[in-house]
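Results of the structural survey
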Amino acid sequence: MDKSDIVNEDIREISCEIEDISHNLEDKTVLLAGGAGFLGKYMISTFDHLNKNLLKKPCNLIVLDNFITGLRENVPESENITLIKHDISEEFKTDENIDYIIHAASLASPVFYNKFKLETINAGFLGTRNLLELAKVKNLKNFLFFSSSEVYGNPLPEFIPTKEDYFGHVSCNGPRACYDESKRIGETLCVSYGDIHDIPIKIVRPFNIYGPGMRLDDGRVMANFVVAAIEGKKIPLYRRGNQTRTFGYVSDATAGWFKALLSNEKERVFNIGNDDQEIKMKHLAELVLGLVGNKSSAIEYVEDTTSVYRDNVDPDRRCPDLTKSRELLNYKAKTNLVYGVKKFIGWVEEELDNRRKGLEDKT
Ligand code: UDP
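Below: a short report on this structure. Keep in mind that what you see is a predicted model, and the values were worked out from it rather than measured.

This paragraph deals with the overall build of the protein chain. Across its full length, the protein chain holds 10 helices and 13 strands. Split into buried and exposed, the 363 residues of the protein chain put 56% on the buried side. Considering only contacts within the protein chain whose residues lie at least 6 apart along the sequence, 83% involve residues at least 24 apart. When the accessible area of the protein chain is evaluated, it comes to approximately 16,100 Å², of which 47% is carbon and sulfur surface.

A separate point is the pattern of salt bridges. Applying the stated rule across the entire model yields 29 salt bridges. Across the pair Lys-3 and Glu-351 runs a salt bridge, and its minimum N-O distance is 3.6 Å. Pair noted here: Lys-3 is in the segment before helix 1 (5-17) and Glu-351 is in helix 10 (residues 337-362), with a separation of 348 residues, a long-range link. Residue classification places Lys-3 among the exposed positions, given a relative accessible area of 62%.

Across the sheet, 7 strands lie side by side as 3-2-1-4-5-6-11; this open sheet has parallel pairing. Both edges of this open sheet fall to strand 3 (81-85) and strand 11 (269-272), since each of them pairs with a single strand only. In this sheet, neighbouring strand axes are inclined to one another by 15° on average, regardless of whether the strands run parallel or antiparallel. Relative to strand 5 (residues 142-146), strand 4 (residues 100-103) runs parallel, the two sharing 4 bridges.

You can see Asp-99 is positioned in the loop between strand 3 and strand 4. Looking at Asp-99, its side chain comes within polar contact range of the main-chain nitrogen of Thr-29, at 2.7 Å. Leaving out residues up to four positions away in the same chain, Asp-99 has contacts with Lys-28, Thr-29, Leu-140, Lys-141 and Asn-142.

Attention shifts here to the packing of aromatic side chains. Applying the stated criterion to the full structure yields 11 aromatic pairs. With 4.5 Å between their ring centres and 5° between their planes, Tyr-113 and Tyr-179 make a pair best called stacked. With a gap of 66 residues between them, Tyr-113 in helix 3 (residues 110-115) and Tyr-179 in helix 5 (residues 177-197) connect regions that are remote in the sequence. Consider the rings of Tyr-210 and Phe-344, whose centres lie 6.2 Å apart with planes at 80°: the pair is edge-to-face. One end of the pair, Tyr-210, is in strand 7 (residues 209-210); the other, Phe-344, is in helix 10, with 134 residues separating them in the sequence. With respect to class, Tyr-210 is no different from Phe-344; both count as buried. The structure contains a cluster of three or more aromatic residues connected by ring pairs, namely Tyr-210, Phe-247, Tyr-249, Phe-344 and Trp-347. Across the ring face of Tyr-301, the terminal group of Arg-240 is positioned such that the distance to the ring centre comes to 4.4 Å. Over the face of the ring belonging to Phe-270 we find Lys-324, whose NZ or CZ atom lies 5.5 Å from the ring centre.

Analysis parameters
- Residues numbered from 1 in each chain as written.
- Predicted model: local features only at pLDDT ≥ 70, side-chain atom pairs only at ≥ 80, totals over all residues.
- Heavy atoms only, no water.
- Helix = DSSP H or I, 4+ residues; strand = E, 2+ residues; numbered from the N terminus.
- Buried < 20%, exposed > 50% of the residue type's maximum accessible area, 1.4 Å probe, protein only.
- Contact = heavy atoms within 4.5 Å.
- Areas by Shrake-Rupley, 256 points an atom, 1.4 Å probe, with all protein chains shown as cover.
- Salt bridge = Lys/Arg side-chain N within 4 Å of Asp/Glu carboxyl O.
- Pairing = 2+ DSSP bridges.
- Axes fitted to C-alpha atoms, helices over the stretch in contact; angles between N-to-C directions.
- Polar contact = N/O pair within 3.5 Å; in protein donor to acceptor, adjacent residues only side chain to side chain.
- Phe/Tyr/Trp six-rings, centres within 6.5 Å; stacked < 30°, edge-to-face > 60°.
- Lys NZ or Arg CZ within 6 Å of the ring centre and 35° of its normal.

What follows is the structure, encoded as structure tokens:
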């Protein structure tokens, strides 16, 4: 069980949503690379919950992480979970039978990938290749690669909402290229190994997923806005805030990852996120301010210092077309923006309280 009731409620909901397909995990072994990250945390907690409550025989989990941004506390202790510190840009070998490989090792925050450019490329390129090399010698049911909506770059307006078959409008040498291009080559590796070695491939493209488990210093907009509002600080709004995003709450998205992982569909690529309520960042800032209700906080128009959020770099709009995921995976984006943001605010408040108490205990 997580220390947060908000997380526990989410995990129960995810488990209900995938109850009818979860038996596929019985007595299986899953290798999860990047398990100590934000998305990994929810996946692992779901595996743990399924093991304890639903599966007749538990699913064993081997979790790899190099902890460059992942947090050890995101991986619960359990007899069915083996945590190994490993950087997947180095080869990984194991004698275990592996049924599923999930590659969620990446640095998804623009602030972090800008700081660790080569590590980001290595995770998407070498990491994907190394895991596919391992997949070659195992009899996999599925290889799940976490790609990104960033493979579409800054989509032309006529391609929004964006379908999976859009080629993208992406810079190969701009400030975001280390992330975008490593996800693109990662996908290319997946489909090429899939074709040559007959490895079943699933690729998910997350669209701005947020929720409990994000690092408070993640740097992405939800974490930055909510933490600033609660702490009564200035909410940093870049580019005058006219750029838009859609936001997918992590529990809906996690059910989506499992549905892709356990799918027998021939189709390989799926958008995952929320297609409802595309919102300008200035309106998101107002929404967060209103929901937190801390009078000391206010919006501040600033220029980012990193260049990943400059005009012509930072995508102007982003919204997925989810038709394919809905039809083929039975994916559901159930959580509306206000409800999800409220939950996230509740969790961040809990986290900040826990940290304060932790500090008080030490003094
Ligand atoms: N953003 C902002 N203030 C912040 C962080 C982000 O105004 O403190 C804006 C940023 O310019 C971008 C949007 O919020 O347009 C989403 O940024 P994020 O880093 O969350 O994800 P992205 O979709 O850009 O990868």
